[in-house]
Amino acid sequence: MGLEIKNPWEPVQTYSNNQTPRGHSGQGQATAPIAMHHKDGNFGILTTQVSKIIEWGRSSSLWPATFGLACCAIEMMSASADRWDLARFGAEVFRASPRQADLMIVAGRCSIKMAPILRQIYDQMPEPKWVISMGACASCGGVFNNYAIVQGVDKIVPVDVFVPGCPPTPDMLLFGFNELQRKIRAGIPNPPDPLKASGLKLFGPIGEEL
């Protein structure tokens, strides 16, 4: 009763149900005890693939472009606030320049007049880059089924993740963001470019061809 156990987990760490107890050879003869692992400050060894490390880094440091079109942008701003905190996933750095961003969140309806600008900003983003279509209006036109609204931004830019809702909540955007991270880590490529696949062309605000 006077025996004091310093480490209550020592029996669990020392003996196993399917292994010979440490410090015993198995034939009834005692051997030198096997030293348990302990942290001594030295560097450990991690084996993986270079592509996995790169994809993990890309998925954990996505920088969205500041591109809000309509009321869905309010929900996008809320996702980066303290309640939902998009910074937990390394994506709180909204960039004002598309040349410093690798994620475009199309938040809101896209008009025919805005389509060339959206495509121009997408083209200015460096590779690799991804697109999230946030909300029903950006994904399929939503309630604006008329001549002035693009019936889905996937006709202009390749969309990786569609987030439904009108408007989608910040939780839904976070779920779509997590799906995009999973897609990047799995190495799934971007969908085909709709303009290059269809051969269509857009003309910018000053007449240049995009």
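Positions within a chain are numbered from 1, following the residues in the order the chain's sequence is written. Per-residue local features are limited, in this predicted model, to residues with pLDDT of at least 70; the limit for side-chain atom pairs, both in listing and counting, is 80 or more; totals at the level of whole chains, interfaces and linings are taken over all residues. Heavy atoms throughout the structure, all of them, feed into the side-chain values; hydrogens and water do not.

### Here's the deal with the overall build of the protein
Here comes step 1: When helices and strands are counted, the protein shows 7 helices and 4 strands.
Here comes step 2: Helix and strand labels come from DSSP, where a helix needs a run of H or I of at least four residues and a strand needs a run of E of at least two; each type is numbered from the N terminus. Element order for the protein, N to C, with α for helix and β for strand: α-α-β-α-β-α-β-α-β-α-α.
Here comes step 3: Counting across all 210 residues of the protein, residues that qualify as buried make up 33%.
Here comes step 4: Any two residues having at least one pair of non-hydrogen atoms within 4.5 Å are treated as being in contact. Expressed as a percentage of contacts within the protein between residues at least 6 apart in sequence, the contacts between residues at least 24 apart total 72%.
Here comes step 5: Residue-level accessible areas treat just the shown protein chains as cover; the underlying method is Shrake-Rupley with a 1.4 Å probe. Accessible area of the protein: about 13500 Å², with a carbon and sulfur share of 58%. Relative accessibility decides the category of a residue: with a 1.4 Å probe and only protein chains considered, values under 20% of the type maximum give buried, values over 50% give exposed, and everything between is partly exposed.

### Digging into the pattern of salt bridges
Here comes step 1: The salt bridge criterion pairs a side-chain nitrogen of Lys or Arg with a carboxyl oxygen of Asp or Glu, the two atoms within 4 Å. Counted by the stated rule, this structure contains 4 salt bridges.
Here comes step 2: The salt bridge involving R119 is made with D123; its shortest N-O contact spans 3.1 Å. Of this pair, R119 and D123 both sit in helix 4 (residues 115-124), separated by 4 residues, roughly a single helical turn.
Here comes step 3: With a relative accessible area of 38%, D123 lands in the partly exposed category.
Here comes step 4: A salt bridge links E179 to R182; the nearest nitrogen and oxygen atoms lie 3.0 Å apart.

### Topic: the packing of aromatic side chains
Here comes step 1: Only Phe, Tyr and Trp rings are paired, with Trp represented by its six-membered ring, and only when their centres lie within 6.5 Å; those with planes under 30 degrees apart are stacked, over 60 edge-to-face, the remainder tilted. A complete count under the given rule lists 1 aromatic pair for this structure.
Here comes step 2: Judged by centre distance (6.0 Å) and plane angle (55°), the ring pair of F89 and F177 falls under tilted. Note that F89 is positioned in the loop between helix 3 (72-79) and strand 2 (103-107) and F177 in helix 6 (residues 170-185), a separation of 88 residues in sequence.
Here comes step 3: Among the residues examined, F177 registers a relative accessible area of 2% and is labelled buried.
Here comes step 4: In this analysis the charged atom, NZ for Lys or CZ for Arg, is taken to sit over a ring once it is within 6 Å of the ring centre and within 35 degrees of the ring normal. Stacked on the ring of Y122, the Lys or Arg K129 has its end atom at 4.1 Å from the ring centre.

### Concerning the side chain of S133
Here comes step 1: Here S133 lies in strand 3 (residues 130-134).
Here comes step 2: Here a polar contact is recorded for every N or O atom pair within 3.5 Å, except that within protein the pair must consist of a potential hydrogen donor and a potential acceptor, and residues adjacent in sequence are included only if both atoms are side-chain atoms. Of the polar contacts made by the side chain of S133, one reaches the backbone oxygen of A138; its length is 3.4 Å.
Here comes step 3: Here S139 takes part through its side chain, which lies 3.0 Å from a polar atom of the side chain of S133.
Here comes step 4: With residues up to four places along the chain from it excluded, the contact list for S133 reads V106, A138, S139, V153, V159, V161, F162 and V163.

### Points about the side chain of K129
Here comes step 1: Mapped onto the secondary structure, K129 falls in the loop between helix 4 and strand 3.
Here comes step 2: Buried within the structure, K129 lacks any salt-bridge partner; its nearest side chain of opposite charge belongs to E127, at an N-O separation of 4.0 Å.
Here comes step 3: Of the polar contacts made by the side chain of K129, one reaches the backbone oxygen of Y122; its length is 2.6 Å.
Here comes step 4: Aside from chain neighbours lying at most four places away, what touches K129 is D102, Y122, D123, D160 and N190. Under the counting rule used here, the positive set is Lys and Arg, the negative set is Asp and Glu, and His together with the chain ends is not counted.

Purely geometric stuff here, so don't read any function into it on its own.
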